[in-house]
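Residue-level structure breakdown
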Amino acid sequence: GIGEALWSRDDCSVPGVVASTDQARDGMNRKLADAWRADCKRCEKAGEPLPSPPHRIELIPIEWYSKIHSASSELKNTLLATTLDNIPRLRAIANDVVFDVLTYLTPSFTQEVLETCSMDITESFERFNKIHPNFAPAGGKTSLIGHSLGSVIAWDLLCILKDKQNGKPTYEPGHTQATHEVYAKEDEAGSETRKAGHWGPILTRDIEVSLPFVPESTIFLGSPLGLFLSLRGAHPVLDELRKKSDGFKRDVGGSSEGIDESLQVMVSEPDPISTKVSPFTLPSGEIFNIFHPADPVAYRIEPLLLPPGTPDRSIPPPAYLTADKGVRLHIQLQEATKNISKSVSGLLGGLTMGNSGIIAAVANVSQEAERRLSSRRSSAAGYPEEIKFALGGRSTRVDYQLQTGIVENEYLSAISAHGGYFCHDNILDFVINLSAKVVAKSERLESVDDHGWEKKESSKGER
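Scoring rules and cut-offs
- Residues numbered from 1 in each chain as written.
- Predicted model: local features only at pLDDT ≥ 70, side-chain atom pairs only at ≥ 80, totals over all residues.
- Heavy atoms only, no water.
- Helix = DSSP H or I, 4+ residues; strand = E, 2+ residues; numbered from the N terminus.
- Contact = heavy atoms within 4.5 Å.
- Pairing = 2+ DSSP bridges.
- Axes fitted to C-alpha atoms, helices over the stretch in contact; angles between N-to-C directions.
- Core = buried A, V, L, I, M, F, W, Y, C linked by side-chain atoms within 4.5 Å.
- Buried < 20%, exposed > 50% of the residue type's maximum accessible area, 1.4 Å probe, protein only.
- Salt bridge = Lys/Arg side-chain N within 4 Å of Asp/Glu carboxyl O.
- Expected span 1.5 Å × (residues − 1).
- Patch = residues over 30% accessible without salt bridge, like charges linked within 9 Å, V, L, I, M, F, W, Y side chains within 5 Å.
- Areas by Shrake-Rupley, 256 points an atom, 1.4 Å probe, with all protein chains shown as cover.
- Phe/Tyr/Trp six-rings, centres within 6.5 Å; stacked < 30°, edge-to-face > 60°.
- Polar contact = N/O pair within 3.5 Å; in protein donor to acceptor, adjacent residues only side chain to side chain.
- pLDDT = per-residue confidence, 0-100.

Let's talk about the overall build of the protein
Assigned secondary structure in the protein consists of 15 helices and five strands. Considering only contacts within the protein whose residues lie at least 6 apart along the sequence, 78% involve residues at least 24 apart.

In structure tokens:
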């Protein structure tokens, strides 16, 4: 992520990617072991067979900053030579943190980072499968977790994988960034300039090595991806896909030339809800954009999948990240209070009725507040009734926010929110649940024979 060169220094108290990965791995496997011990005690008391030991979740860190920030790097040496000598600690933060963001916007730096990550992921994946040859045959799955700038890198790697799968080149000569043209007011050539945006990276040459697997799930933590996609002019391009998809649905018999392959899943039964959302997808499995509400680096993704100019009231709020406990009571009360306050404000703003009308309006306010709270509860479960995002995969949603504590100051939380994802209990429980679903799916497949019949244990007299 952002500033890994700084976080990995010995004199920095903020954990780097390796230390954060170790913390998350230890935390998740400790939770699995504790739950297993509790189940063993319960089974012993009930006289039941002991459960099998828990599966283990492995996290492998992917490092790219050591090469980019090498002392022998010409770019790094030039940057250090132009840096002033006063307030060295603050300037170190600027050089090692802000530097990453600004340089990733340049194609040459993006190229180097993506090539480094692609090679590292491929080597780590091959090494892991060599050490654990039964992992893939037993139904083991691999997912991607990107934190901060790492989520943008993961997104770009998935875009490259999508191009590879569709037989498209990852490098297009003459393709330059033209964000100001993308967002310019449409004129006679407006339709052409709006297509100048892009959702993937701008490269200086073709990338030969891509991801060696299609992720089961993709998780973004504290991601600035929404900012990067906005700067790339992705919103109008994603909306063009929505318009093409809408037109293709109305005329299924027409030519599908130029239609993204991901649109094919949207053709069968057009409905007014799905036509509001871009059908854009990536070979990413489920995508979860998870953020703390006070994280100053995090941005949403779902608004970019809706038509430009969509009113704020029509954009669904982020879903709450929950394990099996649901939305906490104080969060529900906060949402109910907020919705009632908004409804009452709207009522008082246009109040021109008598007492009987006021009573009826207050009753309507209560019903509206309950409806909105019910809608937010369904969003918390990850399956809202109002709208579904194709990019989210099976989860149907993309943006998920962490639940805050009962007493929590947003400004104080903003200081530590961006660096606390890998030790956050809700995120660890969430990853454990995702892994448990993979294990359960694998066990179901093992219990079914080649003809789809459930396997039964042979009796003692049978071979």
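With respect to the environment of Pro-303
Inspection of the secondary structure assignment puts Pro-303 in the loop between β3 (286-291) and β4 (319-320). Residues Pro-303 and Pro-317 lie 14 residues apart in sequence; the distance between their C-alpha atoms is 9.8 Å. For Pro-303, the contacting residues outside a window of four places in its chain are His-235, Ile-315 and Asp-399.

Brief notes about the sheet that holds strand β5 (residues 399-401)
If you trace the five strands from one edge of the open sheet to the other, you get β1-β2-β3-β5-β4, paired in parallel fashion. Looking at strand neighbours, the two that pair on one side only are β1 (144-147) and β4, the edges of this open sheet. Here five bridges tie strand β2 (residues 217-221) to β3, and the two strands are oriented parallel to one another. Pairing of Ile-219 across the sheet is with Phe-288, part of β3. Sheet strands touched by helix α7 (residues 149-165): β1, β2 and β3. Its angle to β1, the strand with the most contacts, is close to 135°.

Comments concerning the nonpolar core
For soluble globular proteins, nonpolar side chains are generally found buried alongside one another. Judged by nonpolar contacts, the single largest core of 47 residues is most densely connected at Tyr-104, Trp-155, Trp-199 and Leu-391. Taken together, the elements giving at least two residues each to this core come down to α5 (88-104), α6 (107-131), α7, α10 (225-231) and α11 (234-250). Not counting chain neighbours up to four residues away, the residues in contact with Trp-199 comprise Trp-155, Asp-156, Cys-159, Leu-229, Arg-232, Ala-234, Val-237, Leu-238, Leu-241 and Phe-280.

Notes on the pattern of salt bridges
Across all of its chains, the model carries 17 salt bridges by this definition. A salt bridge links Lys-243 to Asp-239; its shortest N-O distance comes to 3.8 Å. With Lys-243 and Asp-239 both in helix α11 and four residues apart, this pair spans about one turn of that helix. Taking the relative accessible area as the measure of exposure, Asp-239 reaches 5% and is therefore buried. Taken together, the shared-partner salt bridges in this structure form one network comprising Asp-22, Arg-25, Arg-56 and Glu-58.

Looking at helix α2 (residues 17-46)
Residue pairs three or four apart in sequence face the same way in an α-helix, which turns once every 3.6 residues. Spanning 30 residues, α2 covers 43 Å between terminal C-alpha atoms, matching the ideal 44 Å at 1.5 Å per step. All of the buried residues along α2 are Val-17, Ser-20, Thr-21, Ala-24, Arg-25, Gly-27, Met-28, Leu-32, Ala-33, Cys-40 and Cys-43. Gly-47 lies just past α2 and shows a positive phi near 70°.

Quick word on a nonpolar patch on the surface
Among the surface-exposed residues, Val-98, Leu-102, Leu-105 and Leu-231 lie close enough to one another that they form a single nonpolar patch of about 320 Å² accessible area. Checked against the element boundaries, Leu-102 lands in helix α5. The exposed category is assigned to Leu-102, whose relative accessible area is 53%.

As for the packing of aromatic side chains
Counted according to the given criterion, the structure contains seven aromatic pairs. With a centroid separation of 5.0 Å and 90° between ring planes, the pair formed by Phe-128 and Phe-135 is classed as edge-to-face. Exposure remark for Phe-135: the relative accessible area of 25% places this residue in the partly exposed category. Ring centres of Trp-155 and Phe-280 lie 6.0 Å apart, and the angle between their planes is 40°; this geometry places the pair in the tilted category. Taken together, the positions of Trp-155 in helix α7 and Phe-280 in the loop between α11 and β3 put the pair 125 residues apart, joining distant regions of the chain. A relative accessible area of 0% places Phe-280 in the buried class. Here a set of aromatic residues connected by ring pairs shows up, and it is made of Trp-155, Trp-199 and Phe-280.

Considering the pairing of β2
Among the five residues of β2, five are classified as buried, and the element is accordingly described as predominantly covered. Every second residue of β2 is oriented toward a common face, with Ser-217, Ile-219 and Leu-221 on one face and Thr-218 and Phe-220 on the other, all of them buried. Looking at chain direction, β1 and β2 are connected through four bridges and run parallel. Bridge pairing in β2 links Gly-146 to Phe-220.

Some remarks on the side chain of His-235
Looking at the element boundaries, His-235 is found in helix α11. Under the relative-accessibility criterion, His-235 is labelled buried at 14%. Separated by 3.3 Å, the side chain of His-235 and the backbone oxygen of Pro-303 make a polar contact.

What to know about unusual backbone geometry
Unlike most non-glycine residues, Ser-148 shows phi in positive territory, near 60°. For Ser-148, the location among the structural elements is in the loop between β1 and α7. Take Ser-148: its relative accessible area is 1%, and that puts it in the buried class. Although it is not a glycine, Thr-396 adopts a positive phi angle of roughly 65°. Within the element layout of this structure, Thr-396 appears in the loop between α13 (355-380) and β5. Look at Thr-396 and you get buried, because its relative accessible area is 11%.

Re the confidence of the model for the protein
The predicted coordinates should not be examined in detail at positions where pLDDT is low. Per-residue pLDDT for the protein averages 75, and the proportion of residues at 70 or more is 64%. No element of the protein has a lower mean pLDDT than helix α9 (residues 190-194), which averages 48, and none a higher one than β2, which averages 95. When the criterion is pLDDT under 50, residues 457-463 qualifies, and its contacts beyond four places in sequence or with other chains add up to one contact.

A word on the environment of Ile-60
If you trace the backbone, Ile-60 turns up in the loop between α2 and α3 (65-68). Along the sequence, Ile-60 and Ser-124 sit 64 residues apart, while their C-alpha atoms lie 7.7 Å from each other. Not counting residues up to four positions away in its chain, the partners in contact with Ile-60 are Thr-21, Ser-124 and Phe-128.

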